[in-house]
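What follows is each chain in one-letter form.
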Amino acid sequence: MSTTTYLELSEDGGGAHKFYEVTVDGTTVSVRYGRIGAAGQLKTQQFPSVVKAQAAAAKKVGEKVRKGYAPAVPGHRAARAVTRRQVSSAPSTARSVAPVLWRFRTDAAAFGIHIDEDRCWVGNQNGDVHTLGHDGEVLARYRLPDGVKCLVADDFWIYAGCDDGTVYDLSSKLPFAAYEIAADVDIFWLDIHEGVLNVADRQGGLTVIDHEDEFQWSRRSTGDHAWMVRRDDRAVYHGHGGGVTAYAPDGSGELWHTGTRGAVLFGWQEDRSVYAGTDRRVVQRLAKDSGRIEATYSCDSVVYSCATAPGGRYVFAGDSSSSVYCFAEDGTRLWKLGTGAGSALSMQYRDEKLYIVTTDGSLACIDAGEAAIADAQRGTVPTARDIKSAAGTPTYTPARTAEAVELVTAVPAGGVVLECVRDGSRLRMRVSTAGYDPNWNVQFPRHIREAGARYVVDALHASAGGFYRVQGEIRRLG
């Protein structure tokens, strides 16, 4: 006979709003937890006897009650609304339209974009992430459980931050949850640098989590609604309602703070500068070493997004009136053109192409070469190709439990074996295959870890932070 204890912690004023449920079924203890109204994460643990299982469950419940959780009835308290950027999109005031080469409609407003050497990535508020070739061919689709806030890259690993507080690694065929952000953190934007996750939130907070999904430190900046976070080896750059604040990477203190002209709505970085797009119609370039404002790029409406050509040679911006801009490094406006597809909520430049995702859910590829722009300003543009997703496009969804992971009985050629071991109260992943440092931890999804289990991956990559990242599929060795 199974017994279930359900607890909730809900605070006024936008604080914690989460649940914790413990079920004992014989010698099995299952724990489900997460944001109220969401399915949450599930973990199970086996014990040698019913008595020990009941004692472990009672201990878990007691710990939560001491932290303020109280018994509740599932479904009586509604899920707290997820904050999404409130955007409007007016028609462009530009006299000419940008030379859009192709357009892919995702069927929902899209904030997430990443363009790498081989593919274009776009994520929308329905939880869909599509990958396309640079020619617009749709290659694959990832179906995530909640809306995509943003897409970020760390070396050649791609991560999607979702409304439910989960950050998914999309670098292999089977996506997995790499980070679980605290249920009381309302994510606005993310950045990942050498495995360290940096989270900017609604209340102007900054939370830093390491590659093992363990909390490192947090700070509260002077402004709220933090839509920018960027990180490098020197600092974490946090853009919010009060400007941009730089913090030491280890959380030891504030390095500088600069008030910007308006609240920051988007951020970009180059090696020596960070760029903040604001609601006062400007993009401002700040020196990373001091916070000094080096240049201001003036637009005609609220700035929703910005990006640069390598080294900051050109600066691009997208506004609330469905226009995109290009500036010289010193702030001189070179051109302004209409998008033809709504306002750009995020953008990236690569190889003389400007890729934008817009309020109507489109990923559009704009030819930003000098000849194409000159033609566009004279009123001559190519006919944009509308890209359709083929019925046979492969679709991938995350594995939610250990049982969903493929079971194999032998190690494939070239495979790497990992062992799940208990380290105090934590489960760690260690490499047992020769040729790797057995003391290094592995970034590995928590929800499929089981003590004593062995897993096989295609390969491991040694990261600069002193840990391994998984390459290829994860399979369980039975």
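The sections below set out a description of the structure shown in this document.

Scoring rules and cut-offs
- Residues numbered from 1 in each chain as written.
- Predicted model: local features only at pLDDT ≥ 70, side-chain atom pairs only at ≥ 80, totals over all residues.
- Heavy atoms only, no water.
- Helix = DSSP H or I, 4+ residues; strand = E, 2+ residues; numbered from the N terminus.
- Rg over C-alpha atoms; globule rule 2.2 N^0.38 Å.
- Buried < 20%, exposed > 50% of the residue type's maximum accessible area, 1.4 Å probe, protein only.
- Contact = heavy atoms within 4.5 Å.
- 1 Å grid on protein atoms, 1.4 Å probe; cavity = no way out; pocket = protein on both sides within 12 Å on 5 of 7 lines; lining within 4 Å.
- Points joined across faces, edges and corners; volume = space filled by probe spheres on them.
- Pairing = 2+ DSSP bridges.
- Expected span 1.5 Å × (residues − 1).
- Polar contact = N/O pair within 3.5 Å; in protein donor to acceptor, adjacent residues only side chain to side chain.
- Axes fitted to C-alpha atoms, helices over the stretch in contact; angles between N-to-C directions.
- Disulfide = S-S within 2.5 Å.
- Phe/Tyr/Trp six-rings, centres within 6.5 Å; stacked < 30°, edge-to-face > 60°.
- Lys NZ or Arg CZ within 6 Å of the ring centre and 35° of its normal.
- Salt bridge = Lys/Arg side-chain N within 4 Å of Asp/Glu carboxyl O.

1. Observations concerning the overall build of the protein
Part 1 of the argument: A count of helical and extended segments in the protein gives 2 helices and 41 strands.
Part 2 of the argument: In terms of C-alpha radius of gyration, the protein reaches 24 Å, essentially the compact-globule figure of 23 Å for 478 residues.
Part 3 of the argument: With respect to the principal axes defined by its C-alpha atoms, the protein has extents near 80 × 50 × 40 Å.
Part 4 of the argument: The burial tally for the protein puts 56% of its 478 residues in the buried class.
Part 5 of the argument: For the protein, restricting intrachain contacts to residue pairs at least 6 apart in sequence, the fraction spanning at least 24 positions comes to 49%.

2. Some thoughts on the layout of surface pockets
Where empty space is left becomes clear once a probe the size of a water molecule has been rolled over the atoms.
Part 1 of the argument: If you add up the space inside the second largest pocket, you get close to 920 Å³.
Part 2 of the argument: As for the second largest pocket, its lining consists of 35 residues, and the residues nearest its centre are His-114, Arg-230, Trp-268, Gln-269 and Gln-348.
Part 3 of the argument: Of all the secondary-structure elements, those providing two or more residues to the lining of the second largest pocket are strand E7 (110-115), strand E11 (148-154), strand E15 (187-193), strand E19 (228-231), strand E23 (264-269) and strand E31 (344-350).

3. Quick word on the pairing of strand E29 (residues 323-328)
Part 1 of the argument: Within E29, 6 of the 6 residues are buried, leaving the element largely enclosed by the surrounding structure.
Part 2 of the argument: Linking two consecutive strands that pair antiparallel, namely strand E28 (residues 314-319) and E29, is a turn of 3 residues; a positive phi of about 60° is found at Ser-322 within it.

4. Points about helix H1 (residues 50-66)
Part 1 of the argument: A rise of 1.5 Å per residue sets the reference length of H1, with its 17 residues, at 24 Å; its end C-alpha atoms lie 24 Å apart and thus fit the reference within 8%.
Part 2 of the argument: Listed in full, the buried residues belonging to H1 are Ala-53, Ala-56, Ala-57, Val-61, Gly-62 and Lys-64.
Part 3 of the argument: Of the surrounding secondary structure, the elements contacted by the buried residues of H1 are strand E1 (2-10), strand E2 (17-25) and strand E3 (28-35).
Part 4 of the argument: At the exit of H1 stands Gly-68, carrying a positive phi of roughly 110°.

5. A few points about the sheet that holds strand E4 (residues 41-46)
Part 1 of the argument: Judged by pairing direction, the sheet is antiparallel, and its 5 strands sit side by side in the order E4-E3-E2-E1-E5 without closing on themselves. Two strands bound the open sheet, and with one partner strand each, they are E4 and strand E5 (70-71).
Part 2 of the argument: Relative to E3, E2 is paired through 8 bridges, and the arrangement is antiparallel. Within the sheet, the bridge partner assigned to Tyr-20 lies in E3 and is Tyr-33.

6. Description of the side chain of Ser-463
Part 1 of the argument: Here Ser-463 lies in the loop between strand E40 (454-462) and strand E41 (468-477).
Part 2 of the argument: Residue classification places Ser-463 among the buried positions, given a relative accessible area of 8%.
Part 3 of the argument: With residues up to four places along the chain from it excluded, the contact list for Ser-463 reads Trp-440 and Arg-469.

7. Here's the deal with the pairing of strand E9 (residues 128-133)
Part 1 of the argument: The element E9 is largely enclosed, with a buried count of 6 among its 6 residues.
Part 2 of the argument: Neither face of E9 is exposed, since Asp-128, His-130 and Leu-132 on one face and Val-129, Thr-131 and Gly-133 on the opposite face are all buried.
Part 3 of the argument: In this structure, strand E8 (residues 119-124) lies alongside E9, joined through 5 bridges in antiparallel fashion. Paired with Val-122 across the strands is His-130, a residue of E9.
Part 4 of the argument: Hairpin remark: E8 followed by E9, antiparallel, with 3 residues in the connecting loop; positive phi at Gly-127, about 90°.

8. Here we look at the environment of Ser-463
Part 1 of the argument: A C-alpha to C-alpha distance of 9.9 Å links Ser-463 and Val-442, two positions 21 residues apart in sequence.
Part 2 of the argument: There is a polar contact of 3.5 Å between the side chain of Ser-463 and the side chain of Arg-469.

9. Comments concerning the sheet that holds strand E21 (residues 243-247)
Within a sheet, adjacent strands bond to each other through the backbone by hydrogen bonds, running parallel or antiparallel.
Part 1 of the argument: Strand order in this open sheet of 4 strands is E19-E20-E21-E22, and the pairing throughout is antiparallel. Each edge of the open sheet carries a strand with a single partner, namely E19 and strand E22 (254-258). The sheet shows a mean angle of 15° between the axes of neighbouring strands, direction not considered.
Part 2 of the argument: Pairing between E21 and E22: 4 bridges, direction antiparallel. Bridged to Thr-245 within E22 is His-257.

10. Some points on the state of the cysteines
Part 1 of the argument: Inspection of the entire model under this criterion finds 0 disulfides.
Part 2 of the argument: Take Cys-306: it sits in no disulfide, and the sulfur closest to it among the cysteines is that of Cys-299, at 9.1 Å.
Part 3 of the argument: Cys-306 sits in the buried class, given a relative accessible area of 1%.
Part 4 of the argument: Just so you know, Cys-365 is unpaired, no disulfide at all, and the nearest cysteine sulfur is the one on Cys-120, 6.8 Å from it.

11. Quick notes on the packing of aromatic side chains
Part 1 of the argument: Tallying each qualifying case throughout the model produces 18 aromatic pairs.
Part 2 of the argument: One aromatic cluster is present, formed by Trp-121, Tyr-142 and Tyr-396 through successive ring pairs.
Part 3 of the argument: Looking at Arg-469, its charged tip hangs above the ring of Trp-157, at a distance of 4.8 Å from the centre.

12. So, the pattern of salt bridges
Part 1 of the argument: What the rule picks out here adds up to 23 salt bridges.
Part 2 of the argument: Among the ionic pairs, Arg-333 bridges to Asp-300, the shortest N-O distance being 3.0 Å. With a gap of 33 residues between them, Arg-333 in strand E30 (residues 333-338) and Asp-300 in the loop between strand E26 (293-298) and strand E27 (303-308) connect regions that are remote in the sequence.
Part 3 of the argument: Residue classification places Asp-300 among the partly exposed residues on the basis of a relative accessible area of 33%.
Part 4 of the argument: Put simply, Arg-476 and Glu-450 hold a salt bridge, and the shortest N to O gap is 3.0 Å. Of this pair, Arg-476 sits in strand E41 while Glu-450 sits in the loop between strand E39 (442-443) and E40, and the two are 26 residues apart along the sequence.

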